[in-house]
Amino acid sequence: MSQTSEKQRSTETPSEASNRVQVGLLGRALARPEIGALVAAIVIGIFFLVVAPPFRSAESLATVLYQSATIGIVAVAVGMLMIGGEFDLSAGVMVASAGLFASMFSYQYNLNLWIGALLSLVFALAIGFLNGYLVMKTGIASFLITLGTFFILQGANLGVTKLVTGSVSTPNINQMNGYASLEKIFSSTFQVGSVRVSIIVVWWFVFVAIASWVLLRTKIGNWIYAVGGNQASARAVGVPVVRVKIGLFMTVSFLAWFMGMHTLYRFNTIQAGNGVGNEFLYIIAAVVGGTLLTGGYGNAIGAAIGSFIFGMTSLCIVYAGWDPNWFRAFLGVMLLLAVLVNLYVKKLSTTRKVG
Amino acid sequence: MTDTISEHADETLTQGEALVQLRDVGKRYGAIRALKGINLTVRAGEVTCVLGDNGAGKSTLIKIISGLHPHNEGTLTVDGQEVHFSSPREALDHGIATVYQDLAVVGLMEVWRNFFLGSELTASGIPLSGLKVKEMKRIADEELRKMGIVVKNIDQPIGELSGGQRQCVAIARAVYFGARVLILDEPTAALGVKQSGVVLKYTAAARDAGLGVVFITHNPHHAYLVGDHFVILKLGEAVLDKKRSEVDLDELTRQMAGGDELTELSHELKR
């Protein structure tokens, strides 16, 4: 019935938009993927401001932002990959692999650290490419493929480091050529008022901004949502599915490399066992931020808010004087709540309203 | 309602011109022969109906024409040139667009993003340059209005539209982006009577605008409403290949329902 009347109306006034439904501010806000996380972040923030007095200072905020950035940078890429419908479990250990590679290569061959950093980037991108290539060519779930790379890298990190250095950490590199410039890029700090802020926080904001732009305002972003939402449709209208997905895996490995460089230049040495378990933190940050586990939905701001919730709770539990061992339990509860809230909000915003 | 189609249809198309020709085309998946010796011509301004039961080879046939799976026997010619598609992009570049029953659109994406998916308008050719969002929304809204699909909000996820509307958006999109051959894969299979009517009107409009249409269905009634040429597939082979003037609805229905096998069966089941 309504279809006929609509049709008549449209033939009379073909391009008039008068019957357009105006969605209110609240409706539009609810339709955004990150809304659940934003509400959660505010609630948790207020809660800790009340129970953890040391949290009420600019200095603590800078520390929380730093802690958030250490997860947030890779979480942005993992979020994009999940929107594209895939997982990467190797992202956590890849951070350590990149740092180890850069450090040991330069040290053993006594080369400028820049060479090690660049070769390490090539190495990380190659692993990302391999992850993506294997997933696309074999059709095996990315969960399994990257679980494989995860174990390979975890073992190789320990094995190779032990073989080369005789211990499980790399030697100090702060006397080598190129240290000063690389340290400036990846791990310097600057003064804002009375607070020292790490440059990694700035990098985090930059990457979130770029990812947001790419996802919402570019052709590639459109394709990322499409391959995650319905791969067969995307392919049928000519979206280069294989290239998009391999590109996403390589984005993850690029940011994992970036984080590896930060870790290396912050501590000047890297523990071979670093990074294990972080892959789940990235995924949690993305999911808490509203990314759909099945792909096709989510955004970069959401993943950033998810990371912020992580940073805030991990530190505020200490500020509040609680036993930090409870942190993981809290994280699990957050994840479950986030999934439930997302489900509920999505139902609310996509239900067809009468009218 | 036919504005979009007649405006955007390729003007060089001449009625009856052979756009796509299949000669002795076959397809094997390993030891399994899905299709054998198919001859089919898609002409401008005609609707070629491909009918068949489940597993008859309809899907394989359209996958060959639309570039999802290459054929491995016989020849496929488009505009007189022999081709061998290795991706849907190549088929699209030849003006062959396919609208699939269940995978026409990406449900969670907005209507306008779906309309332009794969053919986005960007501010410049540089990678990562911005989309012309306003223009894309305006064009999508206008084109849909012209064909009588009024969406409440061009920003709503396309999954909220009805099945018929989604099919029409997909057809409109294909025509807007310059398709010369339109392949419709069971466009009416999941739809109610009224919505099927809308899609069939659309199919006829595309034909009248001079496009070559391949209409895949297992419903002979729908096929007979719009078809100019009918091919019935059974177990990967064509069992009927006739013009509209040579066949009537009863014969189509009888063939589709099993034909002679049905007569035999009714003998056996006689009570």
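What you see as residue numbers is a count from 1 along each chain, following the sequence as written. Starting at A for chains and at 1 for ligands, labels are handed out in the order in which the entities are written. Two thresholds apply to this predicted model, a pLDDT of at least 70 for residue-level local features and 80 or more for giving and counting side-chain atom pairs, whereas whole-chain, interface and lining totals are computed over all residues.

### Considerations on the overall build of chain B
Then, number 1: In this text, helices come from DSSP runs of H or I with a minimum length of four residues, and strands from runs of E with a minimum of two, each type numbered from the N-terminal end. Across its full length, chain B holds 10 helices and 10 strands.
Then, number 2: Dimensions of chain B, computed from C-alpha atoms along their principal axes, come out at roughly 65 × 40 × 35 Å.
Then, number 3: Taken over 271 residues, chain B has a buried fraction of 49%.
Then, number 4: Residues are defined as contacting one another if the C-beta atoms placed from their backbone atoms lie within 7 Å. Expressed as a percentage of contacts within chain B between residues at least 6 apart in sequence, the contacts between residues at least 24 apart total 71%. Backbone-placed C-beta atoms define the burial measure: a residue is buried with 20 or more other C-beta atoms within 10 Å of its own, exposed with 12 or fewer, and partly exposed in between.

### Here we look at the overall build of chain A
Then, number 1: Looking only at helices and strands, one finds 15 helices and 2 strands in chain A.
Then, number 2: Partitioning the intrachain contacts of chain A with sequence separation of at least 6 by distance along the chain shows that 78% fall at a separation of at least 24.

### Side note on the environment of Val202 of chain A
Residue and element names in this part refer to chain A.
Then, number 1: Take Val202: it is sitting in helix α9 (residues 199-217).
Then, number 2: A residue is classified by how many C-beta atoms lie within 10 Å of it, and Val202, with 14 of them, is partly exposed.
Then, number 3: Sequence separation between Val202 and Gln271 is 69 residues; the distance between their C-alpha atoms is 25 Å.

### Here we look at the sheet that holds strand β2 (residues 32-43) of chain B
Residues and elements named next belong to chain B.
Then, number 1: If DSSP finds at least two bridges between two strands, the strands pair. Taken in spatial order, the 4 strands line up as β2-β1-β4-β5 in an open sheet, and their pairing is antiparallel. Both edges of this open sheet fall to β2 and β5 (81-83), since each of them pairs with a single strand only. Within this sheet the neighbouring strands show an average axis-to-axis angle of 25°, counted without direction.
Then, number 2: Looking at chain direction, strand β1 (residues 18-29) and β2 are connected through 8 bridges and run antiparallel. Across the sheet, residue Arg28 finds its bridge partner in β2, namely Arg33. The axes used here are C-alpha line fits, helices contributing only the stretch in contact, and every angle between their N-to-C directions lies in the interval 0 to 180 degrees.

### Let's talk about the packing of helix α10 (residues 219-229) of chain A against helix α12 (residues 241-267) of chain A
Residues and elements named next belong to chain A.
Then, number 1: Across the interface, α10 lies against α12 with an axial gap of 10 Å and an inter-helix angle of 100°. Relative to α12, the element α10 is oriented roughly perpendicular. When α10 is examined against α12, the residues Trp223, Ile224 and Val227 are found in contact with a partner set consisting of Val241, Val244, Lys245 and Leu248.
Then, number 2: In the scheme used here, Gly and all other residues not listed as nonpolar or charged are polar, with Ala, Val, Leu, Ile, Met, Phe, Trp, Tyr, Cys and Pro taken as nonpolar and Asp, Glu, Lys and Arg as charged. Per-class residue counts for the contact of α10 with α12 are 6 nonpolar, no polar and 1 charged. In what follows, roughly perpendicular refers to angles from 65 to 115 degrees, roughly parallel to angles under 35, roughly antiparallel to angles over 145, and oblique to any angle outside these ranges.

### A closer look at the sheet that holds strand β8 (residues 212-217) of chain B
Residues and elements named next belong to chain B.
Then, number 1: One open sheet accounts for 6 strands, arranged β6-β7-β8-β3-β9-β10; its pairing is mixed. The two strands at the open ends of the sheet, each matched to only one other strand, are β6 (96-99) and β10 (237-243). For this sheet the average axis-to-axis angle between neighbouring strands, irrespective of direction, equals 15°.
Then, number 2: Where strand β7 (residues 181-185) meets β8, 5 bridges bridge the pair, whose relative direction is parallel. In the sheet register, Val181 faces β8, and the bridge partner there is Gly212.
Then, number 3: The sheet strands contacting helix α6 (residues 163-176) are β6 and β7, and the helix crosses β6 at an angle near 175°.
Then, number 4: Taken strand by strand, helix α7 (residues 193-208) contacts β3 (47-52), β7 and β8, and its axis lies near 155° from that of β8.

### Quick look at the nonpolar core
All names here are of chain A.
Then, number 1: If you look at the biggest cluster of nonpolar residues, it comprises 171 residues, and the most contacted ones within it are Val74, Val76, Val78 and Ala256.
Then, number 2: Looking at which element gives the most residues to this core, the answer is α12, with 15 residues.
Then, number 3: Those residues in contact with Val74, other than ones at most four positions away along the chain, are Ala91, Val95, Leu255, Ala256, Met259 and Tyr282. Put simply, a nonpolar core is buried Ala, Val, Leu, Ile, Met, Phe, Trp, Tyr and Cys residues tied into one set by C-beta atoms within 7 Å.

### Digging into the pairing of strand β4 (residues 73-78) of chain B
Residue and element names in this part refer to chain B.
Then, number 1: As defined by bridge partners, β1 adjoins β4 across 5 bridges and the pair is classed as antiparallel. Paired with Arg23 across the strands is Thr75, a residue of β4.
Then, number 2: Of the pairings in the sheet, the one linking β4 to β5 comprises 3 bridges and is antiparallel in character. Following the sheet pairing, Thr77 is matched in β5 by Glu82.
Then, number 3: In this antiparallel pair of consecutive strands, β4 and β5, the connection spans 2 residues, and Asp79 shows a positive phi of 50°.

### Digging into helix α4 (residues 58-83) of chain A
Then, number 1: Along its length, α4 of chain A reaches its greatest deviation from straightness, about 35°, at Gly72 of chain A.
Then, number 2: Phi turns positive, to about 90°, at Gly85 of chain A, one or two residues after α4 of chain A. Bend angle per residue: angle between axes fitted to the 7 residues ending at that residue and the 7 residues starting there.

### Some points on the environment of Leu81 of chain A
Residues and elements named next belong to chain A.
Then, number 1: Its place among the elements puts Leu81 in helix α4.
Then, number 2: Overall, the presence of 32 C-beta atoms within 10 Å leaves Leu81 in the buried class.
Then, number 3: Distance from Leu81 to Gly296, taken between C-alpha atoms, is 9.9 Å for residues 215 residues apart in sequence.
Then, number 4: Setting aside residues no more than four positions away along its own chain, Leu81 makes contact with Glu86, Asp88, Leu248, Phe249 and Val252.

### Things to note about unusual backbone geometry
Then, number 1: Residues other than glycine seldom take positive phi values, yet Asn110 of chain A does so here, at roughly 50°.
Then, number 2: Looking at the secondary structure, you find Asn110 of chain A in the loop between α5 (91-109) and α6 (113-138).
Then, number 3: The backbone of Glu186 of chain B shows a phi angle near 45°, a positive value even though the residue is not glycine.
Then, number 4: Take Glu186 of chain B: it is sitting in the loop between β7 and α7.
Then, number 5: Residue Glu186 of chain B is classed as buried on the basis of its C-beta count, with 21 C-beta atoms lying within 10 Å.

### Side note on the packing of α4 of chain A against helix α14 (residues 300-319) of chain A
A packed helix pair is summarised by two numbers, namely the angle formed by the two axes and the spacing between the axes.
Residue and element names in this part refer to chain A.
Then, number 1: The geometry of α4 relative to α14 is characterised by a closest axis approach of 7 Å and an angle of 140° between their N-to-C directions. Classified by the angle between their axes, α4 and α14 sit oblique to one another. In this structure, the crossing between α4 and α14 has a hand that is right-handed. Across the interface between the two elements, Ser60, Thr63, Val64, Leu65, Gln67, Ser68, Ile71, Gly72, Ala75, Val76 and Gly79 of α4 pack against Ala300, Ala303, Ala304, Gly306, Ser307, Phe308, Phe310, Gly311, Met312, Ser314, Leu315 and Tyr319 of α14.
Then, number 2: Split by residue class, the contact of α4 with α14 holds 13 nonpolar, 10 polar and no charged. A clockwise turn of the near helix away from the far one marks a right-handed crossing, whereas an anticlockwise turn of less than a right angle marks a left-handed crossing.

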